[in-house]
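Chain and residue survey
Here is what each chain is made of, one letter per residue.
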Amino acid sequence: MADGMGIPARQPAVPRLRRSRGRDPLGLRRALSDRLLPALVAAMALLAALALAGSRGAAELTARWEGGAAAAMTVQLPANAGAARLARGLAALEAMPEVTRAQPMDQARMAALLRPWLGEAPAMALPVVIELQLAGLPVAPEALARRIAAAVPGASVESHGVWVARLVALARSLQAVALAALALVAGIAAAVVAVAVRAGIAARREAIAILHDLGATDADIAGRFAQRAGWLVAAGAAAGTLLAVPVLAGFADLAAPLLGGQPAESMLDWPWTSLPWEALAPLPLLAAGLGWLTAQVTVRRWLRRLP
Amino acid sequence: MVRFEHVGLRYGTPAGSGQPGQGKPSLAPEVLRDLSFTLPQGSFHWLLGPSGAGKSSLLALMHLALRPSRGEVEILGHRLAGARRAALPALRRRIGVVYQDFRLLPHLSVFDNVALPMRVAGRPEAQLRADAAEMLRWAGLERKLTALPATLSGGEQQRVAIARAVVMRPALLVADEPTGNLDGPQARRVLALLQEMHRLGTTVVVATHAETLVAEHPGPALWLAEGRLVRHG
């Protein structure tokens, strides 16, 4: 620039400036406050983490119940049923498509199971019990029980799977509700970011117009808002997720007996490692992406009114 | 080069639209009517006329803050009719603008205000520091690098605004009443800076009411009255 402008010859030594705000020409550090938006997002992230973990927990319970008790049934034949009748029954059961395995329960094992209630009663005639392993959770367990009873005359079917199926349906409903809550939280978080960005635009309308007149592109202006919003949302989401961790560990400890475990004696023994870390860890990143995208869309839409 | 051909400009949406019983909606009146002129590259022009004549609107068309309602505008070889919106930022970077009310960013230092166009253009930080400091020396503000605009006098703020407008060596420089808020000596100093840019080959257009300033620096002018170009020469 020096040549021909009557400007003194270029002096390479530029006076040392204070910490420059030049990289934030829109003043977004003040226009998009680092307090309110992260606090609101933290609350949203806490709810999202709870919903996410709830969904995962419900899915785990569903899988466990589906693959365990619900997929097993027992068929009782009278104590006087002979070997031939047992063989016919087994053949009829194994021929059913829902049954993967039909096996008579060992009399000694049954006696051992009943001993706590009946004591030593060697003279008592015990029924013949066939354990069934089903291919999966029956859609209509009562109808299956009726078909088994028809296929094996005189047999009675223990259909505890009905209750398990209802529990599984309940768990699936909870899972769906949790996912819906997660989507709702994401929507509210996006709305919060949009409102904050609009307030920032209103506060920096003049600065935006100046940048626009200087030749800044929409991508440049929107990018500045999006970067700021993304950082704030990431910080808030990280805080909210961290807050959720001990809550989730406490819930996991309470649920331990349902999954065959034991409740811990102290917080240190809570099942920290069993938390769905693979789902929780990306939450701040996903939230930041949502905030970035929301800010981009909000600012670009506003900028369209400029020539 | 700046070329206007049968250019008209009206603001806002058609007046009276959407009201039942009024028949065909009437349009808002044109603030600029049928302007046709050409400013050669490297020329200096005054833009004169009474308040409300349309001077600011004409300058806004020149620096792409507005687009014409009709007619053809060509700025630095680019025809604006049909130009994509995405193509305009690059053209705006070749145009410097000086406003009567300075329009400096109050939260940025003098240095950062002047460096802003270079940062917008993606100039490397190491390079722009020297250029911005040099430009501020040219404007006589080398001692004010870290000052905030609010701490400067009106004349100093206007010189910062000019330094910001010319730091990218624009091909076109438009100034809207750049001396309107300044006293005589400050106004002459500002004008000297604008004329120096003209000597370097920049096309300069200065809108003003200051007749004494025009008399001291006679030159070609565009006269506007009620949105029409009444004299050019």
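Because the structure is a prediction, the values reported are computed rather than measured.

A few points about the domain arrangement of chain A
What the domain assignment lists for chain A is domain 1 (28–55 + 177–303) and domain 2 (66–165). Taking the mean C-alpha position of each, domain 1 of chain A and domain 2 of chain A sit 52 Å from one another.

A short note on the pattern of salt bridges
Residue and element names in this part refer to chain B. Across all of its chains, the model carries 17 salt bridges over all chains by this definition. Note that Arg119 is salt-bridged to Asp112, the shortest N-O span being 2.8 Å. One salt bridge in this structure joins Lys144 and Glu156, with 3.8 Å as the shortest N-O distance. Residue Lys144 is found in the loop between helix 4 (125–138) and helix 5 (154–166), and its partner Glu156 is found in helix 5; the two are separated by 12 residues along the sequence. Classification of Lys144 as partly exposed rests on a relative accessible area of 28%. Several salt bridges share partner residues, and in doing so they unite Arg3, Glu5, Glu74 and Arg79 into one network.

What about empty space enclosed by the protein?
Scanning the model with the defined rule gives 1 cavity of 30 Å³ or more in all. Taken as a whole, the largest cavity spans an internal volume of roughly 150 Å³. As for the largest cavity, its lining consists of 16 residues, of which Asp213 and Leu214 of chain A together with Ile95, Gly96 and Val97 of chain B are closest to the centre. Sorting the residues of the lining of the largest cavity by element identifies helix 7 (205–213) of chain A together with strand 6 (95–98) and helix 5 of chain B as the ones contributing at least two each. With 3 residues, strand 6 of chain B is the single largest residue contributor to the lining of the largest cavity. Here the lining of the largest cavity is composed, by residue class, of 10 nonpolar, 1 polar and 5 charged.

A closer look at unusual backbone geometry
Residue and element names in this part refer to chain B. The phi torsion at Asp34 lies on the positive side, around 50°, for a residue other than glycine. Mapped onto the elements, Asp34 comes out in strand 2 (residues 30–39). Positive phi outside glycine occurs at Arg169, with the angle close to 50°. Summarising the element assignment, Arg169 is placed in the loop between helix 5 and strand 7 (172–176).

Overview of the UniProt feature "transmembrane region" (unreviewed entry) in chain A
All names here are of chain A. Within the UniProt annotation, "transmembrane region" (unreviewed entry) is assigned to residues 176–197, 231–259 and 279–299. A helix fraction of 100% and a strand fraction of 0% characterise residues 176–197, whose end C-alpha atoms lie 31 Å from each other. Across residues 279–299, the secondary structure splits into 90% helix and 0% strand, with the terminal C-alpha atoms separated by 30 Å.

Quick look at the sheet that holds strand 1 (residues 72–77) of chain A
Residues and elements named next belong to chain A. A sheet is described by the order of its strands in space; here 4 strands give the open sequence 2-3-1-4, paired in antiparallel fashion. In this open sheet, the two strands that pair with only one neighbour each are strand 2 (99–104) and strand 4 (156–158). Strand-to-strand twist across the sheet, computed as the mean angle between neighbouring axes with direction ignored, equals 25°. Lying over the sheet, helix 5 (residues 141–151) contacts strand 1, strand 3 (128–134) and strand 4, oriented at roughly 30° with respect to strand 1.

Procedures and definitions
- Residues numbered from 1 in each chain as written.
- Chains lettered and ligands numbered in written order.
- Predicted model: local features only at pLDDT ≥ 70, side-chain atom pairs only at ≥ 80, totals over all residues.
- Heavy atoms only, no water.
- Domains from an automatic or database assignment.
- Salt bridge = Lys/Arg side-chain N within 4 Å of Asp/Glu carboxyl O.
- Helix = DSSP H or I, 4+ residues; strand = E, 2+ residues; numbered from the N terminus.
- Buried < 20%, exposed > 50% of the residue type's maximum accessible area, 1.4 Å probe, protein only.
- 1 Å grid on protein atoms, 1.4 Å probe; cavity = no way out; pocket = protein on both sides within 12 Å on 5 of 7 lines; lining within 4 Å.
- Points joined across faces, edges and corners; volume = space filled by probe spheres on them.
- Nonpolar A, V, L, I, M, F, W, Y, C, P; charged D, E, K, R; others polar.
- UniProt positions renumbered as here; feature names shortened; annotations may be inferred.
- Pairing = 2+ DSSP bridges.
- Axes fitted to C-alpha atoms, helices over the stretch in contact; angles between N-to-C directions.
- Contact = heavy atoms within 4.5 Å.

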